[in-house]
Amino acid sequence: MPERLAEMLLDLWTPLIILWITLPPCIYMAPMNQSQVLMSGSPLELSSLGEEQRILNRSKRGWVWNQMFVLEEFSGPEPILVGRLHTDLDPGSKKIKYILSGDGAGTIFQINDVTGDIHAIKRLDREEKAEYTLTAQAVDWETSKPLEPPSEFIIKVQDINDNAPEFLNGPYHATVPEMSILGTSVTNVTATDADDPVYGNSAKLVYSILEGQPYFSIEPETAIIKTALPNMDREAKEEYLVVIQAKDMGGHSGGLSGTTTLTVTLTDVNDNPPKFAQSLYHFSVPEDVVLGTAIGRVKANDQDIGENAQSSYDIIDGDGTALFEITSDAQAQDGIIRLRKPLDFETKKSYTLKVEAANVHIDPRFSGRGPFKDTATVKIVVEDADEPPVFSSPTYLLEVHENAALNSVIGQVTARDPDITSSPIRFSIDRHTDLERQFNINADDGKITLATPLDRELSVWHNITIIATEIRNHSQISRVPVAIKVLDVNDNAPEFASEYEAFLCENGKPGQVIQTVSAMDKDDPKNGHYFLYSLLPEMVNNPNFTIRKNEDNSLSILAKHNGFNRQKQEVYLLPIIISDSGNPPLSSTSTLTIRVCGCSNDGVVQSCNVEAYVLPIGLSMGALIAILACIILLLVIVVLFVTLRRHKNEPLIIKDDEDVRENIIRYDDEGGGEEDTEAFDIATLQNPDGINGFLPRWGLPIQWWEERNPIQTCLFARSRIPRSLRFIFFHKDTKINCITQWTT
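Just so it is clear, the model here is predicted, and its values are computed rather than measured. (Residues numbered from 1 in each chain as written. Predicted model: local features only at pLDDT ≥ 70, side-chain atom pairs only at ≥ 80, totals over all residues. Heavy atoms only, no water.)

## Quick look at the overall build of the protein
So the rule is basically this: Secondary structure counts use DSSP, requiring at least four H or I residues in a row for a helix and at least two E residues in a row for a strand, with both numbered from the N terminus. When accessible area is computed with a 1.4 Å probe and restricted to protein chains, residues below 20% of their type maximum are described as buried, those above 50% as exposed, and intermediate ones as partly exposed. Note on areas: Shrake-Rupley, 1.4 Å probe, and residue coverage restricted to the protein chains presented here.
A count of helices and strands for the protein gives seven helices and 43 strands. Sorting the 744 residues of the protein into buried and exposed places 36% on the buried side. Carbon together with sulfur atoms contributes 53% to the accessible area of the protein, which is approximately 44,300 Å² in total.

Okay, structure coming up:
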């Protein structure tokens, strides 16, 4: 690498040195703000020119130069000469001094202040900084006064091929569908080169594949990677590693290069049909297996993956299509055979099914490869099992008349053991369904008999459960529901539907309907009820009332005449015979009570009592109620008045609460007890003001009290005075206060 760099520098500098030798001592350079070379002249004259003259004539400057260039990465033994500055004001007397300032002045670039030569004293890198802007000025050597205004110029760093291409985003990953056609685009990669893309071919890249052929190719300039082989199969190889190279200098010899890797993964397409692992499957199943139980699994393998490997399973042929079904398991990708209907070993011992597996998602591009499905044969063997008894019917319906005799046979149930051994069967009734034990069953033949009388009017239906048990294996039992319907017989006579009471107006008219009655019968004949009504034979010629049958099976009672008077007869009783249409017909006699009432002119009943008839004319029931309410109100007022007067006259028990004290008196004398009951008047005791006089009720003077022992007085008062009262007794001689206080 150093030899190659030295060779390039030598090839570049040889023509430049020859050109520099042939040029005059003064190098004319163009200022930054002008593109042409300016001739030397007086700056004072330049500054005095008008604008028009500066456009028509070339103005002159003291400096004449071009852009300067320097190669990067130059590392010779001595500083490299970049260029030379000179002014026309310098006659060669060495009285002018050159000054350099700006980017890198003094650190990267140095100027000879006498000759104006500019040297690069450090190694430059264009990728770090491509150009430098500096300012040059000529000053007087002695006074350091500027001889001319400062001028800017640029030193550009020329590029050399010192950076290799780089893949900044590598390594790369890409996918392409399998079975793709030739030239299918896979992806695009890009490398970068830090060298100058404008100068030379240092940054001109060319791409190539070092590893990954013959499967993939790459466009040299665009780096687009394509498939180089058609119909690459993922099932054969899923992943490929491609090594890509980017080389600068247009790919020529001596250029720098960089590499990266690309991993290409083939994605799956549905290009493979499902295939059963075996063509024949064998399964066995007991005949008593529960419906919906999984009998076995079949699986068709598919080399594809994901949804391209999904298959649906169907039973397309066989003698068990009605008994079995197959469902698809999306997770395990297999088919599950389940039982749809019960099996019977004694009827058929084996079945053969033809099962098909077909892809769910079919790619039409590969339909020409054949049908994406496969078939297999499934043989299912039914195993014998000890089955419970089987009734001849899943349910039974029996009918019996409600007047059936006890122990009569109502019906019969039958059951058999479906097994080859055919065990005998024993029948019984589940007594939880026949708590009243109305029925019995013969344990051997299954005949059901009546145990207690029936009444259809109490219960029409009886639902019981019959149990059939194998004698050889009591664990094998079966149950069957039996519904027993009780049939009706004509055992109830008709009667009135309700308690009727008719009202007859005194001012009624002949032929007027007094009451309409209907009958009811607890029986339930097949053709419905039809009732016959009649009067008692001795009342057929009743002078007051007659009856009329209506079309709706009801009866109307009519008055034969008018002028009924409740003072003469207030109530009439009319017996009516009601007969049904049963076989044999039954009848009963119901009596209708008819009351004679006073009615208004429009027939509204007002009063049916005889007492109301003697009331004065014009005094209505509302007036009577108002009078009664006034009397009750007066009585209430009187009672309240008497109660208030009684409470007002009650004397106060104690006038001064401050005189009430409580002393506990201990004594050994026995009180008067019941003998002294009449000796005191409680009203006088309650009134302290009357204590100095005679007691009106008891008739004892106050001297009698003074002669008594004070303790005996207190005892007597305590034994006779109610607990809700307070009393104070004062004895004159002993000055002893006897205070008794009782609270409720």
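## With respect to a nonpolar patch on the surface
For the record, the criterion: Think of a patch as exposed residues, more than 30% relative accessible area, with no salt bridge, where like charges cluster within 9 Å and nonpolar side chains (Val, Leu, Ile, Met, Phe, Trp, Tyr) cluster within 5 Å. We count a salt bridge whenever a side-chain nitrogen from Lys or Arg sits within 4 Å of a carboxyl oxygen from Asp or Glu.
A cluster of nonpolar residues, Leu628, Ile632, Val636 and Leu640, forms a patch on the protein surface that exposes about 370 Å² of accessible area. By secondary structure assignment, the location of Val636 is in helix 4 (residues 621-649). Exposure remark for Val636: the relative accessible area of 43% places this residue in the partly exposed category.

## Points about the nonpolar core
Note the cut-off: Definition used in this section: a nonpolar core is a set of buried Ala, Val, Leu, Ile, Met, Phe, Trp, Tyr and Cys residues joined via side-chain atoms within 4.5 Å. In what follows, a contact means two residues having at least one pair of non-hydrogen atoms within 4.5 Å.
Ranked by internal contacts, the top residues of the largest apolar core, which has 24 residues, are Phe276, Val298, Phe324 and Val378. Looking at this core, the elements that each hand over two or more residues are strand 16 (280-286), strand 17 (294-298), strand 20 (324-329), strand 21 (334-339), strand 22 (350-359) and strand 23 (373-383). Once residues within four sequence positions are removed from consideration, Phe276 is found in contact with Tyr281, Val298, Lys299, Ala300, Tyr313, Val355, Glu356, Ala357, Asp374, Thr375 and Ala376.

## A closer look at unusual backbone geometry
In this structure, the amide linkage connecting Gly170 to the following residue, Pro171, adopts the cis form with an omega of -5°. Within the secondary structure, Pro171 is located in the loop between strand 7 (151-158) and strand 8 (172-177). Cis peptide bonds are those with omega within 30 degrees of zero, and the linkage from Gln213 to Pro214 qualifies with 10°. One can find Pro214 in the loop between strand 10 (206-211) and strand 11 (216-218). Positioned with a positive phi, Asn231 is a non-glycine residue whose angle comes to about 55°. Residue position: Asn231 is located in the loop between strand 12 (224-227) and strand 13 (239-247). Of note, Gln333 is a non-glycine position whose phi angle comes to about 60°, a positive value. When its relative accessible area of 18% is taken as the criterion, Gln333 is described as buried.

## Some thoughts on the state of the cysteines
Selection rule: Cysteine sulfur atoms are paired as a disulfide whenever they fall within 2.5 Å.
All told, the structure shown has two disulfides when counted by the stated rule. In this model, Cys505 is linked to Cys599 through a disulfide, with the two sulfur atoms separated by 2.0 Å. Between Cys505 and Cys599, the S-S dihedral sits near -85°, and the bridge is therefore left-handed. With a gap of 94 residues between them, Cys505 in strand 34 (residues 501-505) and Cys599 in strand 40 (residues 587-599) connect regions that are remote in the sequence.

## Some details on the sheet that holds strand 21
For the record, the criterion: Only strands joined by at least two bridges in the DSSP assignment are considered to pair. Comment: axis = line fitted to C-alpha atoms, over the contacting stretch for helices; angle = value between 0 and 180 degrees taken between N-to-C directions.
Pairing is antiparallel across the open sheet formed by three strands, whose spatial order is 17-21-20. Edge strands, defined here as strands with exactly one partner in the open sheet, are strand 17 and strand 20. Strand-to-strand twist of the sheet, defined as the mean angle between neighbouring strand axes without regard to direction, takes the value 25°. Looking at chain direction, strand 20 and strand 21 are connected through six bridges and run antiparallel. When the bridges of strand 21 are listed, Glu325 appears paired with Arg338.

## As for the sheet that holds strand 9 (residues 185-188)
Within a sheet, neighbouring strands are paired by backbone hydrogen bonds and run either parallel or antiparallel to one another. Sheet architecture is open: three strands sit in the order 9-12-11, paired in antiparallel fashion. Since the sheet does not close on itself, it has two edges, and those belong to strand 9 and strand 11, each with one partner. Taking the axes of each pair of neighbouring strands and ignoring which way they run, one obtains an average angle of 25° across the sheet.

## Comments concerning the packing of aromatic side chains
So the rule is basically this: Each Phe, Tyr or Trp ring, with Trp reduced to its six-membered ring, pairs with another whose centre is within 6.5 Å; inter-plane angles below 30 degrees give stacked pairs, above 60 give edge-to-face pairs, and intermediate values give tilted ones. Lysine and arginine charges are scored as sitting over a ring when NZ or CZ, respectively, is within 6 Å of the ring centre and within 35 degrees of the ring normal.
Going through the model one piece at a time under the given rule, you end up with 14 aromatic pairs. Centroid distance Tyr215 to Tyr240: 4.8 Å. Interplanar angle 50°. Geometry classified as tilted. Here Tyr215, found in the loop between strand 10 and strand 11, pairs with Tyr240, found in strand 13; they are 25 residues apart in sequence, far enough to count as distant. What makes Tyr215 partly exposed here is its relative accessible area of 29%. One aromatic cluster is present, built from ring pairs that chain together Phe276, Tyr281, Phe283 and Tyr313. The lysine or arginine in question, Lys349, covers the ring of Phe345, its NZ or CZ lying 4.8 Å from the ring centre. If you follow Lys549 out to its NZ or CZ, it ends over the ring of Tyr530, 4.2 Å from the centre.

## Focus: the environment of Leu592
You can see Leu592 is positioned in strand 40. Residue class for Leu592 comes out buried when judged on its relative accessible area of 0%. Sequence separation of Leu592 and Leu573 is 19 residues, and the distance between their C-alpha atoms is 5.8 Å.

## Examining the environment of Ala136
You can see Ala136 is positioned in strand 6 (residues 131-140). For Ala136, a relative accessible area of 0% corresponds to the buried category. Along the chain, Ala136 and Ile99 lie 37 residues apart, while their C-alpha atoms are 5.8 Å from each other.

## Digging into the environment of Ser311
Quick reminder of the rule: In protein, a polar contact requires one atom able to donate a hydrogen and another able to accept it; more generally it is a pair of N or O atoms within 3.5 Å, and residues adjacent in sequence count only if both atoms are side-chain atoms.
Within the secondary structure, Ser311 sits in strand 19 (residues 311-318). Here the alpha-carbon distance between Ser311 and Asp329, two residues 18 residues apart in the chain, equals 9.2 Å. Among the polar contacts listed, one links the side chain of Ser311 to the side chain of Asn359, at a separation of 3.4 Å.

## Considering the confidence of the model for the protein
What counts here: Values of pLDDT, ranging from 0 to 100, describe the predictor's confidence in every residue of the model.
Confidence along the protein averages 78 in pLDDT terms, with 76% of residues attaining 70 or more. Throughout residues 18-64 the model reports pLDDT below 50, and contacts reaching past four residues in sequence, or to other chains, amount to 70 contacts.

## Some points on the pattern of salt bridges
Here the structure, examined in full by the defined rule, presents 15 salt bridges. Salt-bridge contacts for Asp319 lead to Lys348; the nearest nitrogen and oxygen are separated by 3.5 Å. Taken together, the positions of Asp319 in the loop between strand 19 and strand 20 and Lys348 in the loop between strand 21 and strand 22 put the pair 29 residues apart, joining distant regions of the chain. What makes Asp319 partly exposed here is its relative accessible area of 43%. Among the ionic pairs, Arg456 bridges to Asp488, the shortest N-O distance being 2.9 Å. With Arg456 in the loop between strand 30 (447-450) and strand 31 (461-470) and Asp488 in the loop between strand 32 (477-487) and strand 33 (495-496), this pair connects stretches of sequence that are 32 residues apart. A cluster of three or more residues bridged by salt bridges with shared partners is formed by Arg234, Glu235 and Asp268.

## Considering the pairing of strand 12
Of the two faces of strand 12, the one lined by Ile225 and Thr227 is fully buried and the one lined by Ile224 and Lys226 carries no buried residue. Note: strand 9 against strand 12, three bridges, orientation antiparallel. The residue of strand 12 that forms the bridge with Asn188 is Ile224. Here strand 11 pairs with strand 12 via three bridges, running antiparallel. Counterpart to Phe216 in the pairing with strand 12 is Thr227.

## Observations concerning the side chain of Asp521
Worth spelling out the cut-off: Working convention for charge: Lys and Arg count positive, Asp and Glu count negative, and His plus the chain ends are omitted.
Within the secondary structure, Asp521 is located in the loop between strand 35 (513-520) and strand 36 (532-535). Despite its burial, Asp521 pairs with no opposite charge, the nearest such side chain being Arg456 at 7.3 Å.

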